[in-house]
Amino acid sequence: MADHPASPLDPATIAVTTGRPKPAPDAPVNPPVVFSSTFHADGEVSYARVGNPTWTAFEDAVGALEGGDALAFSSGMAAVTAVLSLVPVGGTVLAPQHSYNTTSALLRQRAEAGLLSVRQVDLHEPSVSEDPATFDGADLVLIESPTNPMMEVADIAAITAAGHAAGALIACDNTFATPLLQRPLDDGVDVVLHSATKALSGHSDVLLGVTITPSNGAGRARGEHLHEHRNLAGSIPGPMEAWLGLRGLRTLSVRVERSAASAKTIAERAARHPAVSRVRYPGFGSMLAIEIAGGAAAAERVCSATSVWIHSTSLGGVESQLERRRRHPLEVETVPESLIRLSVGIEHVEDLWTDLDRALNGA
Ligand SMILES: *Cc1c(COP(=O)(O)O)cnc(C)c1O
């Protein structure tokens, strides 16, 4: 669909080679961090709410990985908000039952204000996503796959086809899978978004969001709308944040390879641990969830008993993190009380397992 040929390079190479200054003798290898609120007149940008060369470097790299045109935002939620600006007032948004909790809260707030109608359904269930009535009247279908923290996997291509047949626009939050494991634009999705705070940046040192739209006619027009939204809403990242995002992105493939291999090992071993009643592992990626047989209190004890795993919210960093999701008041009630979300980092897998095993034994 893109009107430029697909890059012949592997994504691991794209993550390293894109977003660099043009080669010239003594040109820097890395883009500079451009701290300037204004630019000399008569150019295309003129003011730093409109554009910044450090954002552009980050956007070029993410766009090449997802196969479209990227726009950087101040956070993942700023990217979600930008995508919602594509829905007309009074329009209908279809989202997963287990949408990211803050996305659900935003949808609820807008619905209560009368701005949107929201339907949250089990999009990963074929009985739901194969029923054309599911998509009746939807203006936007927001896919998340795997979902946070339930790890449900949706058939993105099938949902996109059914949503398009009903006249809806399709967006996909690709934060959990990363473009290395899933490229929703290839399945016909209209807008991909990320909390780049997570795996793309990868070091838990920055908040950043990004949207990606196809580089074709309709995609370009939507990209322009999102750019206009970012400019009018002012939901722009700082240049240092964009630089950190790009710096983190350089190592995305080695981080994802290592942490995904460790996540698989931990999922297999956790399934055999007597303190664990259920493992939710989608079969790929760095994220999984476990349910603790002893309930919420036992799950809290596990989270506070680890020393390699960090007890904290967020995910996708080089450091492994865990938390009981229902400790957050915003988390939906269908997420089990004893569910612990695990974000696997790049530490040695045996150290991770020894630490988790010891904490589970104490539960
Ligand atoms: C964290 C997260 C967000 C929100 O991103 P922020 O950068 O925290 O604003 C959105 N979607 C998913 C799946 C997330 O994990």
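The following refers to the structure shown. Keep in mind that this is a model prediction, so the values were computed, not measured. (Residues numbered from 1 in each chain as written. Predicted model: local features only at pLDDT ≥ 70, side-chain atom pairs only at ≥ 80, totals over all residues. Heavy atoms only, no water.)

### Some words on the side chain of S320
In step 1: Topologically, S320 is positioned in the loop between β10 (310–311) and β11 (321–324).
In step 2: Within the structure, S320 has its side chain in polar contact with the backbone nitrogen of G345 (distance 2.7 Å).
In step 3: Those residues in contact with S320 that lie beyond four places of it in its chain are V308, W309, I310, S343, V344, G345, E347 and L352. (Helix = DSSP H or I, 4+ residues; strand = E, 2+ residues; numbered from the N terminus. Polar contact = N/O pair within 3.5 Å; in protein donor to acceptor, adjacent residues only side chain to side chain. Contact = heavy atoms within 4.5 Å.)

### Observations regarding the pairing of β11
In step 1: Neither face of β11 is open: one carries Q321 and E323, the other L322 and R324, and all of them are buried.
In step 2: Taken together, the 2 bridges between β10 and β11 define a ladder with parallel strand orientation. What sits directly across from H311, in β11, is L322. (Buried < 20%, exposed > 50% of the residue type's maximum accessible area, 1.4 Å probe, protein only. Pairing = 2+ DSSP bridges.)

### Some details on the site of the ligand
In step 1: As a structural note, the neighbourhood of the ligand is formed by S75, G76, M77, Y100, N148, D173, T175, F176, S195, T197, K198 and L315.
In step 2: Contacts to the ligand include N148, whose side-chain N or O atom sits 3.2 Å from an oxygen atom.
In step 3: The separation between an oxygen atom of the ligand and a polar side-chain atom of S195 is 2.8 Å.
In step 4: Expressed as a share of its isolated accessible area of 380 Å², the protein-covered part of the ligand is 93%.
In step 5: A breakdown of the residues in the shell around the ligand according to their chemical character gives 4 nonpolar, 6 polar and 2 charged. (Near = heavy atom within 4 Å. Areas by Shrake-Rupley, 256 points an atom, 1.4 Å probe, with all protein chains shown as cover. Nonpolar A, V, L, I, M, F, W, Y, C, P; charged D, E, K, R; others polar.)

### Describing the sheet that holds β10
In step 1: Pairing is mixed across the open sheet formed by 5 strands, whose spatial order is β8-β9-β12-β11-β10. Only two strands of the sheet have a single partner each, and these edge strands are β8 (276–280) and β10.
In step 2: Pairing of β8 with strand β9 (residues 287–292), which is carried by 4 bridges, proceeds in the antiparallel orientation. What sits directly across from V279, in β9, is I290.
In step 3: Relative to β11, helix α11 (residues 296–305) is tilted by about 160°, and along the sheet it contacts β9, β10, β11 and β12 (339–343). (Axes fitted to C-alpha atoms, helices over the stretch in contact; angles between N-to-C directions.)

### A short note on the pairing of strand β6 (residues 191–195)
In step 1: With 5 of its 5 residues buried, β6 lies for the most part within the structure.
In step 2: Judged by which residues are buried, β6 turns out to be covered on both faces: V191, L193 and S195 on one side and V192 and H194 on the other are all buried.
In step 3: Bridging between strand β5 (residues 169–173) and β6 involves 3 bridges; their strand directions are parallel. From the neighbouring strand, A171 faces β6, where its bridge partner is V191.

### Section: the sheet that holds strand β1 (residues 69–73)
In step 1: Spatially, the 7 strands line up as an open sheet ordered β1-β7-β6-β5-β4-β2-β3, and their pairing is mixed. The sheet terminates laterally at β1 and β3 (117–121), the two strands that pair on one side only. Here the average twist between neighbouring strands, direction ignored, is 20°.
In step 2: As paired elements, strand β2 (residues 92–96) and strand β4 (residues 140–144) share 2 bridges and run parallel to each other. Directly across from V93, in β4, lies its bridge partner L140.
In step 3: Those strands touched by helix α2 (residues 53–66) are β1, β6 and β7 (209–213), and its axis lies near 130° from that of β1.

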